[in-house]
Amino acid sequence: MNPSSALSLSPTYVRQLHDLPGHRWYKPLLLTLLAAVYYLILVVAVFLAFGIWWGIGGAGDLDAVSDMNTVTGLVIVLVSVILMWPALELAMLSIYQRWFFPLASVRVSANREEAAPIAAEPGGMRWHLLGRFLLLALPVWAAGVVVLGIVSPESVALDPGTSWDSRLALMLVLVLLLAPIQSMSEELVFRGLAMNVIGSWLRSPWWAVLIPVPFFVFGHIYDVPGLISIGVFAVVMGLLTLWTSGLEAAIAFHTVNNLFAFALAILTGADLNATDAPPAQVAVAIAAPIVFALVVILDGRRRGPGWRAPRGQRRSRREADSGEVLPPRGDVVGDLPEDHLGGGV
């Protein structure tokens, strides 16, 4: 049995670049290289602007720039990651003359005839699914914090020496504002771009999931157990991207993961620059994405076929059970999105 079919992993999401008009085999490579060039330009520009502001204002010790325990260091790190997103969009405009963001999900369309090929059409961000996945991720990580509180109380105990001042409040506000954008930027690059680049060359979706993993892992600075947890995170998010036909689940979990991680570190007085973590934290970090994936799969099965489709194009349970196909509300009878990922996991 083909393992991809056993896990219901369709290659359609990762074939979006391949199926764009005017695609050539070398364009994904050019897209990646140009995105890296644009990213370096943006990073240099931001650091130059920051350096000028720092020099004119005489803001203080330059060591704070690399210290995430300071407001300046936290902003610099988060913004440096966020810049990957505009770099990717600029590169996409240069190579394919379109935005990359619509590739956040895929809308599968097919001719009703059996022999007709399935084409990958960008479906954009399914905001209702992003919201739903955020609601599913929150209790998963809340449960993880409870487990940490039981097995490793010191990991979640508030630091009695923490000064509840404007600096701490500002850091929490910055995390709340920037961490979601930072998480989305990472997913657009490491799951959206990387998986579509690999998928434009190799048909098996497994390659699109696995090949980007080392790049994502070594983009983080941790000890070996920490890197293993990052690797598990990357694999699970890649599989969820295929299973859900989009990035919404990965973005949601990544956002909640980072919000919990940053907020806990700030409130407990932990070192945000630390490259190691207690075994209990590593264990929870490995278990959390797996539990989240199971919750997403069970939720999708409970909702029935068609839940991945945009609102207004979902198949009802009556259609799924009877095989009867009704036209979308307000539309004429025509080709309907096919629920191509149905099946067991």
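Residues numbered from 1 in each chain as written. Predicted model: local features only at pLDDT ≥ 70, side-chain atom pairs only at ≥ 80, totals over all residues. Heavy atoms only, no water.

## Some details on the nonpolar core
Rule in force here: Only buried residues count toward a nonpolar core, which is a set of Ala, Val, Leu, Ile, Met, Phe, Trp, Tyr and Cys residues joined through side-chain atoms within 4.5 Å. Only protein chains enter the accessibility calculation, which uses a 1.4 Å probe. A residue is then buried if its area is under 20% of the maximum for its type, exposed if over 50%, and partly exposed in between. Secondary structure follows DSSP: runs of H or I at least 4 residues long count as helices, runs of E at least 2 residues long count as strands, and numbering of each begins at the N terminus.
Ranked by size, the top nonpolar core spans 65 residues in total, and within it Phe133, Phe253 and Phe292 carry the most contacts. For this core, the leading source of residues is helix α9 (residues 224-244), giving nine residues. Within the second largest apolar cluster, 14 residues are counted, among which are Met68, Val175, Ala265 and Leu272.

## Here's the deal with the pattern of salt bridges
For clarity, the threshold we go by: Salt-bridge detection follows one rule: a side-chain nitrogen of Lys or Arg within 4 Å of a carboxyl oxygen of Asp or Glu.
In this structure the tally under the stated criterion is four salt bridges. Measuring nitrogen to oxygen at the nearest pair gives 2.7 Å for the salt bridge that ties Glu187 to Arg191. Separated by four residues within a single helix, Glu187 and Arg191 lie in helix α6 (residues 166-201), roughly one turn from each other. Accessibility expressed as a relative area gives 3% for Arg191, which makes it buried.

## So, helix α5 (residues 127-151)
This is how the line gets drawn: Here a helix's expected span is defined as the number of its residues, less one, multiplied by 1.5 Å. In this description, contact between two residues means that some pair of their heavy atoms is separated by no more than 4.5 Å.
For α5, built from 25 residues, the straight-helix expectation of 36 Å at 1.5 Å per residue is met to within 8% by its first-to-last C-alpha distance of 36 Å. Buried residues of α5: His128, Leu129, Leu130, Phe133, Leu136, Ala137, Val140, Trp141, Gly144, Val145 and Leu148, and no others. As for α5, its buried residues are in contact with α9, α10 (248-268) and α11 (279-303).

## Focus on a nonpolar patch on the surface
Put simply, the test is: To count toward a patch, a residue needs a relative accessible area above 30% and no salt bridge. Like charges then connect within 9 Å, nonpolar side chains (Val, Leu, Ile, Met, Phe, Trp, Tyr) within 5 Å. Every accessible area reported is derived by Shrake-Rupley at a probe size of 1.4 Å, with residue values counting cover from the shown protein chains alone.
Residues Trp25, Tyr26, Leu29, Leu30, Leu33, Trp201, Leu202, Trp207, Ile211 and Phe215 make up a contiguous nonpolar surface patch of about 1000 Å² in total accessible area. Among the elements that take part in the nonpolar patch, helix α2 (residues 27-57) stands out by supplying three residues, more than any other. Tracing the chain through its elements places Phe215 in helix α8 (residues 213-217). For Phe215, a relative accessible area of 59% corresponds to the exposed category.

## A look at the packing of aromatic side chains
Heads up, the rule is: Two rings belonging to Phe, Tyr or Trp (six-membered ring only in the last case) form a pair when the distance between their centres is within 6.5 Å. Interplanar angles under 30 degrees mark stacking, angles over 60 mark edge-to-face geometry, and anything in between is tilted.
Enumeration according to the criterion identifies eight aromatic pairs in this entry. Between Trp85 and Phe101, the aromatic rings sit 5.5 Å apart at their centres with planes inclined by 25°, giving stacked as the arrangement. Remark: Phe101 occurs in the loop between α4 (84-96) and β1 (106-110) and Trp85 occurs in helix α4; sequence separation between them is 16 residues. With a centroid separation of 6.2 Å and an interplanar angle of 35°, the aromatic rings of Phe101 and Trp127 are classed as tilted. Pair noted here: Phe101 is in the loop between α4 and β1 and Trp127 is in helix α5, with a separation of 26 residues, a long-range link.

## A few points about unusual backbone geometry
Although it is not a glycine, Gln97 sits at a positive phi angle of roughly 55°. Structurally, the position occupied by Gln97 is in the loop between α4 and β1. The exposed category is assigned to Gln97, whose relative accessible area is 58%. One non-glycine residue with positive phi stands out, namely Ser245, at about 65°. Turning to its location among the elements, Ser245 is positioned in the loop between α9 and α10.

## Quick notes on the packing of α6 against α9
A pair of packed helices is characterised by two quantities: the angle between their axes and the separation of those axes. How we decide: In this analysis, axes come from line fits to C-alpha atoms, helices being fitted only over the stretch in contact, and the angle between any two N-to-C directions falls in the range 0 to 180 degrees. For classification purposes, angles smaller than 35 degrees are called roughly parallel, those larger than 145 roughly antiparallel, those between 65 and 115 roughly perpendicular, and all remaining angles oblique. Note: crossing handedness is left-handed where the near helix turns anticlockwise from the far helix by less than a right angle, and right-handed where it turns clockwise. Classification convention: Asp, Glu, Lys, Arg as charged; Ala, Val, Leu, Ile, Met, Phe, Trp, Tyr, Cys, Pro as nonpolar; all other residues, Gly among them, as polar.
Packing of α6 against α9 brings their axes to within 11 Å, and their N-to-C directions diverge by 60°. For the element pair α6 / α9, the angle class is oblique. Note on packing geometry: the crossing formed by α6 with α9 is right-handed. Residues Glu187, Arg191 and Met195 of α6 form the contact with α9, whose participating residues are Phe233, Ala234, Met237, Gly238, Thr241 and Leu242. Residue composition of the contact of α6 with α9, by class: five nonpolar, two polar and two charged.

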